[in-house]
Amino acid sequence: MAAPVSQPPVASRASTRLLPRGLGALSESAPASLRFSVGRRRRTARLEVKATGNVFGNHFQVATYGESHGGGVGCVISGCPPRIPITEADMQVELDRRRPGQSRITTPRKETDTCKILSGTHEGMTTGTPIHVFVPNTDQRGGDYSEMAKAYRPSHADATYDFKYGVRAVQGGGRSSARETIGRVAAGALAKKILKLKSGVEILAFVSKVHQVILPEDAVDYETVTMEQIESNIVRCPNPEYAEKMIAAIDKVRVRGDSIGGVVTCIARNVPRGLGSPVFDKLEAELAKAMLSLPASKGFEIGSGFAGTDFTGSEHNDEFYMDEAGNVRTRTNRSGGVQGGISNGEIIYFKVAFKPTATIGKKQNTVSREHEDVELLARGRHDPCVVPRAVPMVESMAALVLMDQLMAHIAQCEMFPLNLALQEPIGSASSASELAPNLS
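The structure presented is a predicted model; accordingly, all values stated were derived computationally and were not measured.

Trainee: What is the right way to look at the confidence of the model for the protein chain in this model?
Mentor: Atom-level detail of predicted coordinates should not be read off regions where pLDDT is low. With 83% of its residues at a pLDDT of 70 or more, the protein chain shows a mean pLDDT of 87. Taken as a whole, residues 1-42 scores under 50 in pLDDT and shows 55 contacts with residues more than four places along the chain or in a different chain.

Trainee: Explain unusual backbone geometry to me, please; I cannot follow it from the model alone.
Mentor: Of all residues except glycine, most have a negative phi; of all peptide bonds, most are trans. At the junction of Pro278 and Val279, the peptide bond is cis and its omega measures out at -5 degrees in the coordinates. As for its placement among the helices and strands, Val279 is situated in the loop between strand 13 (262-269) and helix 7 (283-292). Of note in this structure, Arg236 is not a glycine but carries a positive phi near 65 degrees. Within the secondary structure, Arg236 sits in the loop between helix 5 (227-230) and helix 6 (240-254).

Trainee: Sorry if this is basic, but what is going on with the sheet that holds strand 12 (residues 213-214) here?
Mentor: As a general point, the strands of a sheet are linked pairwise by backbone hydrogen bonds and lie either parallel or antiparallel. With antiparallel pairing, the five strands of this open sheet are ordered in space as 12-11-13-19-14. Strands at the two margins of the open sheet, each flanked by one partner only, are strand 12 and strand 14 (297-302). Bridging between strand 14 and strand 19 (residues 348-354) involves five bridges; their strand directions are antiparallel. Of the residues in strand 19, the one forming a bridge with Gly299 is Ala353.

Trainee: When you look at the pairing of strand 13 in this model, what are you seeing that I'm missing?
Mentor: Summarising burial for strand 13: eight of the eight residues are buried, a large majority. A two-sided burial pattern is seen for strand 13, the buried positions comprising Gly262, Val264, Cys266 and Ala268 on one face and Val263, Thr265, Ile267 and Arg269 on the other. In this sheet, strand 13 lies alongside strand 11 (residues 202-210) in antiparallel orientation, the contact comprising eight bridges. Bridge pairing in strand 13 links Lys209 to Val263. Direction of pairing for strand 13 relative to strand 19: antiparallel, over a ladder of seven bridges. If you follow Gly262 over to strand 19, its bridge partner there is Phe354.

Trainee: Mind showing me how you'd approach helix 9 (residues 387-413) here?
Mentor: In an α-helix there are 3.6 residues to a turn, and that puts residues three or four apart on one side. Its 27 residues give helix 9 an end-to-end C-alpha distance of 37 Å, which sits within 8% of 39 Å, the value for a rise of 1.5 Å per residue. By the criterion of burial, helix 9 is predominantly enclosed, with 22 of the 27 residues buried.

Trainee: Would you explain the pattern of salt bridges in this entry?
Mentor: Pairs may arise between side chains of opposite charge once their charged atoms sit close together. In this structure the tally under the stated criterion is 25 salt bridges. Taken together, the shared-partner salt bridges in this structure form one network comprising Glu94, Arg97, Lys192, Glu231, Arg236 and Glu395.

Trainee: Please explain a nonpolar patch on the surface as it appears in this structure.
Mentor: On the surface, Phe320, Met322 and Val328 cluster together into a nonpolar patch covering about 320 Å² of accessible area. Assignment of secondary structure puts Val328 in strand 16 (residues 328-330).

Definitions and cut-offs
Residues numbered from 1 in each chain as written. Predicted model: local features only at pLDDT ≥ 70, side-chain atom pairs only at ≥ 80, totals over all residues. Heavy atoms only, no water. pLDDT = per-residue confidence, 0-100. Contact = heavy atoms within 4.5 Å. Helix = DSSP H or I, 4+ residues; strand = E, 2+ residues; numbered from the N terminus. Pairing = 2+ DSSP bridges. Buried < 20%, exposed > 50% of the residue type's maximum accessible area, 1.4 Å probe, protein only. Expected span 1.5 Å × (residues − 1). Salt bridge = Lys/Arg side-chain N within 4 Å of Asp/Glu carboxyl O. Patch = residues over 30% accessible without salt bridge, like charges linked within 9 Å, V, L, I, M, F, W, Y side chains within 5 Å. Areas by Shrake-Rupley, 256 points an atom, 1.4 Å probe, with all protein chains shown as cover.

Below, the structure is given as structure tokens:
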């Protein structure tokens, strides 16, 4: 560690080491922060170091917790509006789409992922207080990770967790495991329901690529594709012909102990205009952060994406027109439903790329925790391709983003009467009686 510069500013001195001697004592704080007082030349500054990376959202906040081989995983949802009908069964539908062991092309780990709502609801209605959802782990096999305790899996988070923390949960990969996403999917089920009730928003994702099997762009109609079509096969591709090709590609590497990657396409229909904020909180930027926070995600593109660079401006621009109902629409949708970082009312569509699963049943060269060159033959139960189970994860993260942005928009832009010549109110797709509590 470099020697500190003579008489640096207080903040600089504090940043060179953790809790330097003589800078003061720890003060009481919430678990998510660490505070201490810094005294220098009769002045006192307050420095706060917050634990980060476990909370998503600003208004509709979701904190996930738990590890792959711990006692369980789950989430705490803060900021949920009151009087929203939600049950464990509602969340279970989405969790069942995410759970392991659902087909031969997913990990064989057997978990029911049965959720329990521990707080925040009363008689099937949200109360406006924090909602705690818990899912126990029941099929742990810590012995499968004895080799990984000694050597780093190539392209896995094993090494970087050690580099950052100096310690890690070996079994199952700890927080880097996809089991962390259970909390996201549970919270996403609630966000989906609120978005549907408030504005009729519908979010659907499907597999559009597995390895070198690519679903043609015109094979799916974003206006009409349904959940039933997506869920009609184990790979979650709405086109039966390409679904069979994708399944065959996964089977081919699965029996060899290898893995492949793919792409998930997501669409959001009936999204209100006005969601998202300039400059740093653009809607596509929030979606990109959400998607790239998912395990194994490596790429994101929205609308025309990288292919848009092949067009000229006159070819790429989405021309406006007035539809029969008097609404401003676009004839094309290369923008992907977002312009200037703000939703324009058209279908939002984007793609997320997922790498091949890092843990494979093939011998690989790596380095041990003792910094020696070694060979590793990993064991354990892992997906040969993550994209079929990534579909509900992508949908859930999209729902969390749109829910957070919806609340932000209503709070800022609908506090006072709208300019109805230019703005539209965020309507309610549900009846008032559906949200009314049962007081009998």
